[in-house]
Amino acid sequence: MGNVLAFCEFGDGALKASALSNLTFARAAAAAHGGEVIALLVGAGAAAAGPAAARYAGKVVTVEHGDLAAYLAETYAPVVARLAGDHGATVVTATATAVGKDLLPRVAALLDAGMASDISRLDGATQFTRPILAGNAYAQIEVTTPVICVTVRQSEFPQAEELGAAGEVVAADAGAVDALGARIDRVESQKSDRPELTSAKVVVSGGRGMQSGDNFKVLEELADLLGAAMGASRAATDAGMVPADWQVGQTGKIVAPNLYIAVAISGAIQHLAGMKGSKTIVAINKDPEAPIFQVADYGVVTTWEKAIPELVEEIKKLKASR
Amino acid sequence: MKILVPIKRVPDPELKVKIKDGAIDLSGASWVVNTFDEYAVETALRLRENAESGESHGEVVVVTIGPEDAAQQLRSALAMGADRAIRVDGEDRALDARVVAAALARVIEAEKPDLVVMGKQAVDGDANQVGQMLAGRLGWPQATFAATVELAADKGSLTVGREVDTGVEYKVVNLPAVLTVDLRVVAPTSVKNNITPASHSYGTGEGGPRYASLKGIMAAKKKPMEQKSLSDLGVDAAPAIKELGVFLPPARAAGQKVADIPTLVQKLADEAKAL
Ligand SMILES: Cc1cc2nc3c(=O)[nH]c(=O)nc-3n(C[C@H](O)[C@H](O)[C@@H](O)COP(=O)(O)OP(=O)(O)OC[C@H]3O[C@@H](n4cnc5c(N)ncnc54)[C@H](O)[C@@H]3O)c2cc1C
Ligand SMILES: Cc1cc2nc3c(=O)[nH]c(=O)nc-3n(C[C@H](O)[C@H](O)[C@H](O)COP(=O)(O)OP(=O)(O)OC[C@H]3O[C@@H](n4cnc5c(N)ncnc54)[C@H](O)[C@@H]3O)c2cc1C
């Protein structure tokens, strides 16, 4: 018997899509442990987002404190670890986002818990399946500590549905907050109106063959026509053509949209690791031998210069005919 | 400044994965330094040297927990320029991230480094845990997934550019701290130490870790390598992760090449129902 403490990221008064995937896992884990799901919201705006979160979890705990406004592993980990104890959690979980990956192992250290990272499946109360070796194999593992920490791969768990009745929301104390001198100096980000890469239904990605950031504009036009998020290979992000947070792959973001369009990307294993769970994969590449064609459902051997404007026109025609 | 770099050996990631009796078949494996740990060694070397005068300051100590053969990967790091190595004897299968973090914590208590630099993840287990666990255990600040690192002139803190989901976050941590590095940390101007002139560029293009020179390889043979056991360190933790089995992912059904863009759009709409 034990509860599941689910660390949930939120913004603008609502849970993020990544948190809803975490709650799907948390519900299954709670059933396996004979306990309940407790959604934990920490940081500025937590209390305001509480009621929205309560549509998805029977119990919501919010923690707000001036020194917890922005995420820091140093200040958040002790809060999560303490609340795990207070609420009788045998499983502590987060989505494997940049925050989840940074936070949960630190929580595990404070709880002396074993941890399963980036899991793709729950196989039993203490058994999990997770990708290893850049997704070239899957391992089934068992974690034997009394408390288990888990991060879940967002693309493998659907978003949780709302519950019939809203759960209760309680505020918890922050306790003593000590950042150990760590602080965020600044965050550089490019605001975008496109959907989030990790939850988008369609992703358009470009690689080294695009040659410059300017050339990505044609891909962005295609993306906007499809309501897609933009992605890229490491070669394109390393070359500074596009922002680093567009990188898809083993060390970038893991995506599994309905439709993934890979343009001028060769298909290195590290890139495939991030997108081969997509439902339909399209590859456009001028090299007929490019490995991307081995995973693509539909491949066109041509240059992007020729293909993309034509693709935009054809899709416009299709839309007009509907 | 003393920098400790934990490194792990991994089966060469360029080689195809084989599975035998429900486990990864490592019988013919060729072992290499985990890619991100090679980047960590490079980062540590950049942090302590003057790349233009060739002088180096402080000490870089590499440590692995692994079997006797793992000494080779320590030698590779020594050949790149690290000064000294420690191997803690341990079979790969008897370890998990918790045990590794516990052992590293003991090494750190003895060595008292100013900074620990490590890979963000091992490219075999892909766990991405040890650095954060170690920092948590030690009660040190952590800066994970570093793409850029700048050491303050007074050597008391780092400003670390971290690749997060929404962009790049610049986090300041006081030393001692744990730093885990991401791919782009080896780009030509990613690491600044206020010793090497800020205008210096390590190579061109995407950069990369330095190669060991012949001289470096010769020198590495004479550099000290200490050996310890987990019990010397007082670590008796048993792994909490049991591997039940390994399997290959289902192969994707073979796709098709289509002649032109109108055919592609028609198939995406009618066959795949993706438009
Ligand atoms: C199929 C399989 C699945 C596994 N799943 C898990 C799991 O989910 N959770 C878990 O805790 N363990 C797991 N293990 C054990 C795990 O592979 C390693 O034994 C454990 O050391 C840490 O995981 P990692 O190597 O992926 O390290 P990561 O946390 O990815 O490594 C990060 C960094 O830690 C340092 N480091 C890691 N290992 C060593 C070492 N031996 N010596 C020196 N420095 C090191 C390196 O700097 C490395 O870059 C699994 C093992 C197998 C075979
Ligand atoms: C530890 C590690 C981790 C990594 N993690 C990642 C990761 O997370 N994500 C990732 O993507 N990579 C990752 N990589 C890098 C990966 O190995 C490849 O180097 C990278 O994916 C290559 O990017 P690319 O396909 O854009 O470039 P290339 O391999 O250079 O391919 C460019 C392609 O463009 C085609 N092309 C050129 N011109 C045109 C044109 N005009 N029209 C159409 N096609 C054209 C070419 O035929 C070629 O196939 C990692 C590598 C390492 C070592």
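Summarised in this report is the structure supplied together with it. (Residues numbered from 1 in each chain as written. Chains lettered and ligands numbered in written order. Predicted model: local features only at pLDDT ≥ 70, side-chain atom pairs only at ≥ 80, totals over all residues. Heavy atoms only, no water.)

### Regarding the overall build of chain B
Of the regular secondary structure elements, chain B holds 6 helices and 16 strands. Summarising its shape, the C-alpha atoms of chain B cover approximately 65 × 50 × 40 Å along the three principal directions. Here chain B holds 275 residues, and the buried ones make up 53% of them. Sequence-distant contacts in chain B: of pairs separated by 6 or more residues, those separated by 24 or more amount to 69%. When the accessible surface of chain B is split by element, carbon and sulfur atoms take 51% of a total near 11,600 Å². Mean positive and mean negative side-chain charge positions of chain B (33 and 37 charges, respectively) differ by 1 Å. (Helix = DSSP H or I, 4+ residues; strand = E, 2+ residues; numbered from the N terminus. Buried < 20%, exposed > 50% of the residue type's maximum accessible area, 1.4 Å probe, protein only. Contact = heavy atoms within 4.5 Å. Areas by Shrake-Rupley, 256 points an atom, 1.4 Å probe, with all protein chains shown as cover. Lys, Arg positive; Asp, Glu negative; His and termini not counted. Charge placed at Lys NZ, Arg CZ, Asp CG, Glu CD.)

### Remarks on the site of ligand 1
Taken together, 31 residues form the shell around ligand 1, and within it B:Lys8, B:Asp37, B:Ala122, B:Gln129 and B:Glu243 come nearest. Chains contributing residues near ligand 1 are chains A and B. Here an oxygen atom of ligand 1 and a backbone polar atom of B:Ala122 are 2.8 Å apart. Within the complex, the protein chains bury 94% of what would otherwise be the 930 Å² of accessible surface of ligand 1. Of all the elements in the fold, those that place two or more residues in the shell around ligand 1 are β7 (114-119), β9 (127-132) and β10 (137-143) of chain A together with β6 (59-66), α3 (97-111), β8 (115-119) and β15 (241-247) of chain B. (Near = heavy atom within 4 Å. Polar contact = N/O pair within 3.5 Å; in protein donor to acceptor, adjacent residues only side chain to side chain.)

### A closer look at the interface of chain A and chain B
Contact residues are listed per partner, giving 85 residues for chain A and 71 residues for chain B. Counting the surface chain A buries against chain B, the share from its top three residues, A:Leu133, A:Thr251 and A:Tyr298, is 10%. For the pair chain A and chain B, the interface holds 6 salt bridges. Its residues placed into classes, the side of chain A that touches chain B shows 41 nonpolar, 22 polar and 22 charged. Bridge count between strand β18 (residues 298-301) of chain A and strand β16 (residues 256-257) of chain B: 2 bridges; the pairing is parallel. By the bridge assignment, A:Gly299 is partnered in β16(B) with B:Lys257. (Buried area = accessible area lost by both parts, 1.4 Å probe. Salt bridge = Lys/Arg side-chain N within 4 Å of Asp/Glu carboxyl O. Nonpolar A, V, L, I, M, F, W, Y, C, P; charged D, E, K, R; others polar. Pairing = 2+ DSSP bridges.)

### Remarks on the packing of α3(B) against helix α4 (residues 130-138) of chain B
Residues and elements named next belong to chain B. Interhelical geometry of α3 versus α4 gives an angle of 50 degrees and a closest axis separation of 9 Å. Overall, the two elements α3 and α4 adopt an arrangement that is oblique. For the pair α3 and α4, the sense of crossing is right-handed. Between α3 and α4, the contacting residues are Ala97, Arg98, Val100, Ala101, Ala102, Leu104, Ala105 and Ile108 on the first element and Val130, Met133, Leu134, Arg137 and Leu138 on the second. Class assignment for the residues of the contact of α3 with α4 results in 11 nonpolar, no polar and 2 charged. (Axes fitted to C-alpha atoms, helices over the stretch in contact; angles between N-to-C directions. Parallel < 35°, antiparallel > 145°, perpendicular 65-115°, else oblique. Left-handed = near helix turned anticlockwise from the far one by under 90°.)

### Quick notes on α3(B)
Residues and elements named next belong to chain B. Between its first and last C-alpha, α3 extends 20 Å over 15 residues, near the 21 Å set by a 1.5 Å rise per residue. Across the 15 residues of α3, 12 count as buried, placing the element largely inside the fold. Along α3, the residues that are buried comprise Ala97, Arg98, Val99, Val100, Ala101, Ala102, Ala103, Leu104, Ala105, Val107, Ile108 and Glu111. (Expected span 1.5 Å × (residues − 1).)

### Focus: helix α1 (residues 35-48) of chain B
Taking 1.5 Å per residue as the helical rise, α1(B) with its 14 residues ought to reach 20 Å, and the 21 Å between its terminal C-alpha atoms agrees with that figure. Of all 14 residues that make up α1(B), 12 are buried, and the element is covered over most of its length.

### Quick notes on the pairing of strand β7 (residues 84-89) of chain B
All names here are of chain B. In terms of residue burial, β7 counts as a mostly covered element, since 5 of its 6 residues are buried. The sheet contact formed by β6 and β7 spans 6 bridges and is parallel. Bridging from a neighbouring strand, valine 63 pairs with isoleucine 86 of β7.

### With respect to the packing of aromatic side chains
For the structure on display, the rule yields 7 aromatic pairs over all chains. With centroids separated by 6.3 Å and ring planes inclined at 70 degrees, the aromatic side chains of A:Phe7 and A:Tyr76 adopt a geometry described as edge-to-face. One end of the pair, A:Phe7, is in strand β1 (residues 3-7); the other, A:Tyr76, is in helix α3 (residues 73-86), with 69 residues separating them in the sequence. Owing to a relative accessible area of 5%, A:Phe7 belongs among the buried residues under this scheme. On the numbers, 5.8 Å between centres and 15 degrees between planes, the contact of A:Tyr138 with B:Phe247 is stacked. (Phe/Tyr/Trp six-rings, centres within 6.5 Å; stacked < 30°, edge-to-face > 60°.)

### With respect to the sheet that holds β9(A)
Strand order in the open sheet made by the 4 strands is β8(A)-β9(A)-β10(A)-β15(B), with antiparallel pairing throughout. Single-partner strands in this sheet number two, and they are β8 (121-122) of chain A together with β15 of chain B. Where β10(A) lies against β15(B), 6 bridges are found, and the strand directions are antiparallel. Within β15(B), the position partnered with A:Ala139 by the bridge is B:Val246.

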